[in-house]
Amino acid sequence: MASTSAALVNGLGSSAFLNGGKNAQILLSAPIAARTAVSPKRFTVAAAAAPKKSWIPGVRGGGNFIDPEWLDGSLPGDYGFDPLGLGKDPAFLKWYREAELIHGRWAMVAVVGIFVGQAWSGIPWFEAGAAPGAVAPFSFGSLLGTQLLLMGWVESKRWVDFFNPESQSVEWATPWSRTAENFANATGEQGYPGGKFFDPLGFAGTLKNGVYIPDTEKLERLKLAEIKHARLAMVAMLIFYFEAGQGKTPLGALGL
């Protein structure tokens, strides 16, 4: 009896019954024994692929100008913006993403430094180089030497690591640490080293028994947030340059 009831329910849920017509009438008028022989059709539900995000959402078509075929949406913040076709070559695309990331990080630091520096000293950011002592207790020579030595050292290692990943994770990586793990890439992704040294607060991972374990979900969310803020900061710096050409400052433009 249970098997007969189940067969009847399956028959009522089949496309033959739901679509009506002769098939439904035959199904209802047939004896119960005959209904058990009616096998329901199987339905296959396929999830549609998420559409690629566009930098002009309201426009369809346009070929590679609107929807470049070489941008598949796999990069964080990829909205298909490459009107000049700079990323057609995968090697160049990787390099341009690295350059965008580094310039964006410097722009974010610069924007904060411009606001804080002027609020602290009252000196416009484009005049701070003439009086570095007003912003920080260092002379121009010491600042220049520090930047050339430290920044040059770090940037040279980043450059080498870009073309030869993990090559800089060696015992002599840093003079203040003999632990190669500090400079190792804990996430396995270029530009996002993570680990105890680069993610000490554990924003994109956790420490378990002294071992850094990256959190993929957190990392992807932070990568998208970072590139969005980085692009906004680069646009802000461009505006600051135009303001400086007119002798204005960001705080002055805000009336502060």
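Residues numbered from 1 in each chain as written. Predicted model: local features only at pLDDT ≥ 70, side-chain atom pairs only at ≥ 80, totals over all residues. Heavy atoms only, no water.

With that out of the way, let us pick up the environment of threonine 216. Inspection of the secondary structure puts threonine 216 in helix H8 (residues 216-245). Threonine 216 sits 11 residues away from glycine 205 along the chain, and the two C-alpha atoms are 8.1 Å apart. (Helix = DSSP H or I, 4+ residues; strand = E, 2+ residues; numbered from the N terminus.)

This paragraph deals with the pairing of strand E1 (residues 205-208). With four bridges connecting them, E1 and strand E2 (residues 211-214) associate as antiparallel partners. Of the residues in E2, the one forming a bridge with leucine 207 is tyrosine 212. Between E1 and the antiparallel strand that follows it, E2, lie two residues; asparagine 209 among them carries a positive phi value of about 55°. (Pairing = 2+ DSSP bridges.)

Below, the discussion takes up the UniProt feature "binding site: chlorophyll a 1" (unreviewed entry) in the chain. UniProt tags Glu100, His103, Glu226 and Arg231 as "binding site: chlorophyll a 1" (unreviewed entry). Over a stretch of 132 residues, the named residues converge on one spot in the fold, their C-alpha atoms separated by at most 11.9 Å. In the annotated set above, the residues contributing to the lining of the largest pocket are Glu226. The topology assignment puts glutamate 100 in helix H5 (residues 90-121). With residues near it in sequence (within four places) discarded, glutamate 100 still touches Ile227, Arg231 and Met234. In terms of polar contacts, glutamate 100 uses its side chain to reach the side chain of arginine 97, at 3.2 Å. By secondary structure assignment, the location of histidine 103 is in helix H5. When its relative accessible area of 52% is taken as the criterion, histidine 103 is described as exposed. (UniProt positions renumbered as here; feature names shortened; annotations may be inferred. 1 Å grid on protein atoms, 1.4 Å probe; cavity = no way out; pocket = protein on both sides within 12 Å on 5 of 7 lines; lining within 4 Å. Contact = heavy atoms within 4.5 Å. Polar contact = N/O pair within 3.5 Å; in protein donor to acceptor, adjacent residues only side chain to side chain. Buried < 20%, exposed > 50% of the residue type's maximum accessible area, 1.4 Å probe, protein only.)

This part takes up the packing of H5 against helix H6 (residues 140-163). Two quantities define a packed helix pair, namely the angle between the helix axes and the distance between the axes. In the contact formed by H5 and H6, the axes pass within 12 Å of each other and the chain directions differ by 155°. The pairing of H5 with H6 is recorded here as roughly antiparallel in orientation. Between H5 and H6 lies a crossing whose hand is right-handed. Residues Lys94, Trp95, Glu98, Ile102 and Trp106 of H5 touch H6, and the partners they reach there are Met151, Arg158, Trp159 and Phe162. (Axes fitted to C-alpha atoms, helices over the stretch in contact; angles between N-to-C directions. Parallel < 35°, antiparallel > 145°, perpendicular 65-115°, else oblique. Left-handed = near helix turned anticlockwise from the far one by under 90°.)

Sites flagged by UniProt as "binding site: chlorophyll a 2" (unreviewed entry) map to Arg105. Considering the arrangement of structural elements, one finds arginine 105 in helix H5. Once residues lying within four places of it in the same chain are set aside, the contact partners of arginine 105 are Gly191, Tyr192, Glu226 and Ala230.

Turning our attention to the packing of aromatic side chains. Going through the model one piece at a time under the given rule, you end up with nine aromatic pairs. With 5.3 Å between their ring centres and 80° between their planes, tryptophan 95 and tryptophan 159 make a pair best called edge-to-face. Taken together, the residues tryptophan 95 in helix H5 and tryptophan 159 in helix H6 connect sequence positions 64 residues apart. For tryptophan 159, a relative accessible area of 45% corresponds to the partly exposed category. Among the aromatic residues, those joined into a ring-pair cluster are Trp95, Trp159, Phe162 and Phe163. (Phe/Tyr/Trp six-rings, centres within 6.5 Å; stacked < 30°, edge-to-face > 60°.)

Our focus in this paragraph is H8. Taking 1.5 Å of rise per residue, 30 residues should cover 44 Å, and H8 covers 44 Å from first to last C-alpha, within 8% of that figure. Regarding H8, the residues found buried are Leu219, Lys223, Ile227, Ala230, Ala233, Ala236, Met237, Phe240 and Glu243. Looking at the buried positions of H8, the neighbouring elements they touch are H5 and helix H9 (250-253). Of the residues one or two after H8, glycine 247 is the one with positive phi, at around 75°. (Expected span 1.5 Å × (residues − 1).)

We now examine the layout of surface pockets. Estimated volume of the largest pocket: approximately 1,300 Å³. Lining the largest pocket we find 40 residues, and of these Arg105, Gly191, Tyr192, Pro193 and Phe198 sit closest to its centre. Going through the elements one at a time, H5, H6, helix H7 (195-198) and H8 are the ones with two or more residues in the lining of the largest pocket. When residues of the lining of the largest pocket are assigned to their parent elements, the largest contribution, eight residues, is made by H6. Of the residues belonging to the lining of the largest pocket, the class tally is 21 nonpolar, eight polar and 11 charged. (Points joined across faces, edges and corners; volume = space filled by probe spheres on them. Nonpolar A, V, L, I, M, F, W, Y, C, P; charged D, E, K, R; others polar.)

Time to look at a nonpolar patch on the surface. Together, Leu84, Leu86, Phe92 and Tyr96 make up an exposed nonpolar region whose accessible area comes to about 430 Å². Mapped onto the fold, leucine 86 is located in the loop between helix H4 (32-35) and H5. Taking relative accessible area as the criterion, leucine 86 reaches 43% and is therefore assigned partly exposed. (Patch = residues over 30% accessible without salt bridge, like charges linked within 9 Å, V, L, I, M, F, W, Y side chains within 5 Å. Areas by Shrake-Rupley, 256 points an atom, 1.4 Å probe, with all protein chains shown as cover. Salt bridge = Lys/Arg side-chain N within 4 Å of Asp/Glu carboxyl O.)

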